[in-house]
Amino acid sequence: MKINDNYNNLTESYLFSTISKKIAEFKEKNPNADIIKMGIGDVTLPLAKTVVDAMTKASMEMGKKESFRGYGPEQGYDFLRASIKEYYGKKNVSLKDDEIFVSDGAKSDLGNILDIFSIDNKVLIPDPVYPVYLDTNIMAGREVAFMKAGEENNFLPMPDESVAADIIYLCSPNNPTGSVYTYEMLAKWVQYAINQNAVILFDAAYECFIKDKSLPTSIYLIPGAEKCAIEFSSFSKMAGFTGTRCGYTVIPMALEFEGVKLNKLWLRRQTTKFNGVPYIIQRGAEAALCDEGFAQCRNNIEYYMKNAEIMAETFRKKGIYFTGGENSPYIWLKCPDNMTSWEFFDYLLEKANLVGTPGSGFGENGEGFFRLTAFGDRDNTIEAMKRIEKLL
Ligand code: PLP
């Protein structure tokens, strides 16, 4: 028996374990320190009342013979797909029900989608970015090329026609940099993908944080994208489902390669390997998209975005270069005095008892940068920024 040797090619991710270890060591030496954590990209506000009510009602239905549900449809219940379709309709994106696949979150689909692509494909991934894109390709044994994101392009790399690609990952708003592509920029990516006969894997997990109406919240707002792009999205950050788990993937029927619809391949893959999302959770997700639930979820998003505004204001005042914060819950800042990401981590922890995420954990080009999240408590955010103002 041989193992999948590709796993040996993964670099061990020590990022969050090293952060925890450093915090524990610091706490041992400084038991009274009031540490504020702005590192992990997880939501903190509870689920919206309408969502909880819907899930409670669905639980009760499961306890009665006449409304009990067993195995559900792998692609998701019709009611949730109809709600997602309506959500896109409000953005002026017209989808068909069978173009929408309900999932247990964007991470699973972003990894699993690789099942339907040949191992020989050339993959293009931004650096820095959410590490799942790279690791899932390494696990599959695919070679990856990086597109450099940095201050020179405001962390928004653009296509280079001299570089060949088959699979292109785009994440907008980006984790960790918070940068958001404009319509014009995405149009160039769509054109490039069509020229290359490539597929764009568009991660829209943070689309709900886009406040600026002139920025696109879906790749399908770009003409031609239905012929070259798959979109992944999630209720995690939009409705606080990081513990509840629900997301969705859109694969347009127009997306065809070698005469085969990717939608059909994905349907086959999901019906074979995916168990679907529980009925109760799907009712919760449906409620997050109804008018009342949506308004409550928006309130939570606005709370986080107010935090982001407070943070952005502090770094602006200090004249520190950063991206994000305006249309994203992440602030991506340049470490002062040419400190490395980890040096700045230690400095912030020791001098201000603040915890963030070193940018180097998101790729080589993240070195010298640092990510702070706006998902925390308001008072803590204000206090953290007071400390930053004093320290930097
Ligand atoms: N995509 C990006 C860019 C993320 O940052 C995350 C989670 O942090 C995900 C996808 C995963 O989302 P989900 O919770 O839906 O799996």
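Treat the numbers as computed from the prediction; the structure is a model and nothing was measured. (Residues numbered from 1 in each chain as written. Predicted model: local features only at pLDDT ≥ 70, side-chain atom pairs only at ≥ 80, totals over all residues. Heavy atoms only, no water.)

Considerations on the sheet that holds strand β2 (residues 100-103)
So the rule is basically this: Pairing between strands is defined by DSSP: at least two bridges between them are needed. Secondary structure is summarised from DSSP: a helix means a run of H or I of at least four residues, a strand means a run of E of at least two, and numbering begins at the N terminus for each. Simply put, an axis is a line fit to the C-alpha atoms, just over the touching stretch for a helix, and the angle between two N-to-C directions goes from 0 to 180 degrees.
The strand order β2-β8-β7-β6-β5-β3-β4 describes an open sheet built from seven strands, whose pairing is mixed. Across the chains shown, the open sheet's two edge strands, defined by having one partner strand only, are β2 and β4 (144-148). Shown here is a sheet whose adjacent strand axes are inclined to one another by a mean of 20°, direction ignored. Where strand β3 (residues 123-127) lies against strand β5 (residues 167-171), two bridges are found, and the strand directions are parallel. Considered in β5, the bridge of Val123 is made with Ile167.

Quick look at the domain arrangement of the protein chain
How large an interface is tends to be reported as the accessible area lost when its parts come together. For the record, the criterion: Marked domain ranges trace back to an automatic or database domain assignment. Should any heavy atoms of two residues lie within 4.5 Å, those residues are counted as being in contact. In this description, buried area is defined as the sum, over both parts, of the accessible area (probe of 1.4 Å) that is lost when the two are combined. We count a salt bridge whenever a side-chain nitrogen from Lys or Arg sits within 4 Å of a carboxyl oxygen from Asp or Glu.
The assigned domain composition of the protein chain is domain 1 (5-47 + 294-391) and domain 2 (49-291). The gap between the C-alpha centroids of domain 1 and domain 2 is 26 Å. Taken together, the contacts link 36 residues of domain 1 with 48 residues of domain 2. Together domain 1 and domain 2 conceal approximately 3400 Å² of surface at their shared face, both sides included; 58% is due to carbon and sulfur atoms. The largest contributions to the domain 1 side of the interface with domain 2 come from Leu47, Phe294 and Asn327, which together make up 23% of the buried area. In this assembly, domain 1 and domain 2 are joined by two salt bridges.

As for helix α9 (residues 279-289)
Quick note on the threshold: Using a 1.4 Å probe on the protein chains alone, a residue whose accessible area is under 20% of its type maximum counts as buried, one over 50% counts as exposed, and one in between counts as partly exposed.
Counting buried residues along α9, nine of its 11 residues qualify, which places the element largely inside the surrounding structure. Residues of α9 that are buried in the fold lie against α2 (49-62), α3 (78-90), β2, α7 (236-239) and α10 (291-318).

Quick word on the pattern of salt bridges
Considering all chains together, one arrives at 21 salt bridges under this definition. For Asp115, the salt bridge goes to Lys273, with nearest N and O atoms at 2.9 Å. Of this pair, Asp115 sits in the loop between α4 (106-112) and β3 while Lys273 sits in helix α8 (residues 262-273), and the two are 158 residues apart along the sequence. Where Glu256 meets Lys261, a salt bridge forms, and the shortest distance between an N and an O atom there is 3.1 Å. Judged by its relative accessible area of 29%, Lys261 is partly exposed. One network of salt bridges, in which partners are shared, links Asp34, Glu383 and Arg387.

Quick notes on the packing of aromatic side chains
Put simply, the test is: When two rings of Phe, Tyr or Trp (its six-membered ring) have centres within 6.5 Å they constitute a pair, described as stacked for plane angles under 30 degrees, edge-to-face for angles over 60, and tilted for the intermediate range. Whether a charge sits over a ring depends on NZ of Lys or CZ of Arg being within 6 Å of the ring centre and within 35 degrees of the ring normal.
Counted according to the given criterion, the structure contains 25 aromatic pairs. Judged by centre distance (5.9 Å) and plane angle (85°), the rings of Phe79 and Tyr279 are edge-to-face. Of this pair, Phe79 sits in helix α3 while Tyr279 sits in helix α9; the two residues are 200 residues apart in sequence, bridging distant segments of the chain. Tyr279 shares its class with Phe79; the two are buried. Ring pairing ties together the aromatic residues Tyr87, Tyr88, Phe235, Phe241, Tyr248 and Phe294, which thus form one cluster. Of note, Arg283 hangs over the ring of Phe79, and the distance from its end group to the ring centre comes to 3.6 Å. In this structure, Arg378 is placed above the aromatic ring of Tyr303, and the distance from its NZ or CZ to the ring centre is 4.5 Å.

Quick look at the pairing of β4
When a strand is regular, its side chains alternate between the sheet's two faces. Pairing between β3 and β4: five bridges, direction parallel. Note on β4: the bridge partner recorded for Pro126 is Met147.

Let's talk about the nonpolar core
How we decide: We call a set of buried residues a nonpolar core when its members are Ala, Val, Leu, Ile, Met, Phe, Trp, Tyr or Cys and they connect through side-chain atoms within 4.5 Å of each other.
Ranked by internal contacts, the top residues of the largest apolar core, which has 93 residues, are Ile168, Ile200 and Phe235. Top contributing element to this core by residue count: α10, with eight residues. Those residues within four positions of Ile168 in sequence are excluded, and the remaining contacts are Leu124, Met147, Trp189, Tyr192, Ala193, Ala198, Val199, Ile200 and Leu201. Formed by 23 residues, the second largest nonpolar core is a distinct cluster that contains Phe101, Tyr133, Leu201 and Phe232.

Notes on the side chain of Glu231
Relative to the assigned elements, Glu231 resides in strand β7 (residues 229-234). What Glu231 contacts, discounting residues up to four positions off in sequence, is Tyr88, Phe202, Ala204, Thr217, Ser218, Ile219, Tyr220, Tyr248, Thr249 and Val250.

Some points on the site of the ligand
Just so we agree on the cut-off: The rule for a residue being near a molecule or strand is that one of its heavy atoms must lie within 4 Å of it. N or O atoms closer than or at 3.5 Å make up a polar contact, with two conditions inside protein: a donor-capable atom paired with an acceptor-capable one, and, for residues adjacent in sequence, both atoms drawn from side chains. Each accessible area is a Shrake-Rupley estimate made with a 1.4 Å probe; only the visible protein chains count as cover when residues are assessed. Each residue is assigned to one of three groups, with Ala, Val, Leu, Ile, Met, Phe, Trp, Tyr, Cys and Pro labelled nonpolar, Asp, Glu, Lys and Arg labelled charged, and all others, Gly among them, labelled polar.
The environment of the ligand is made up of 14 residues, and the closest members are Ala106, Asp203, Tyr206, Ser234 and Ser236. Take Lys107: an N or O atom from its main chain is 2.9 Å from an oxygen atom of the ligand. Protein burial of the ligand: of its 400 Å² of free accessible surface, 91% is covered by the chains. Breaking the shell around the ligand down by element, the ones donating at least two residues are α4 and α7. In terms of residue count, α4 provides more of the shell around the ligand than any other element does, three residues in total. Counted by class, the shell around the ligand contains six nonpolar, four polar and four charged residues.

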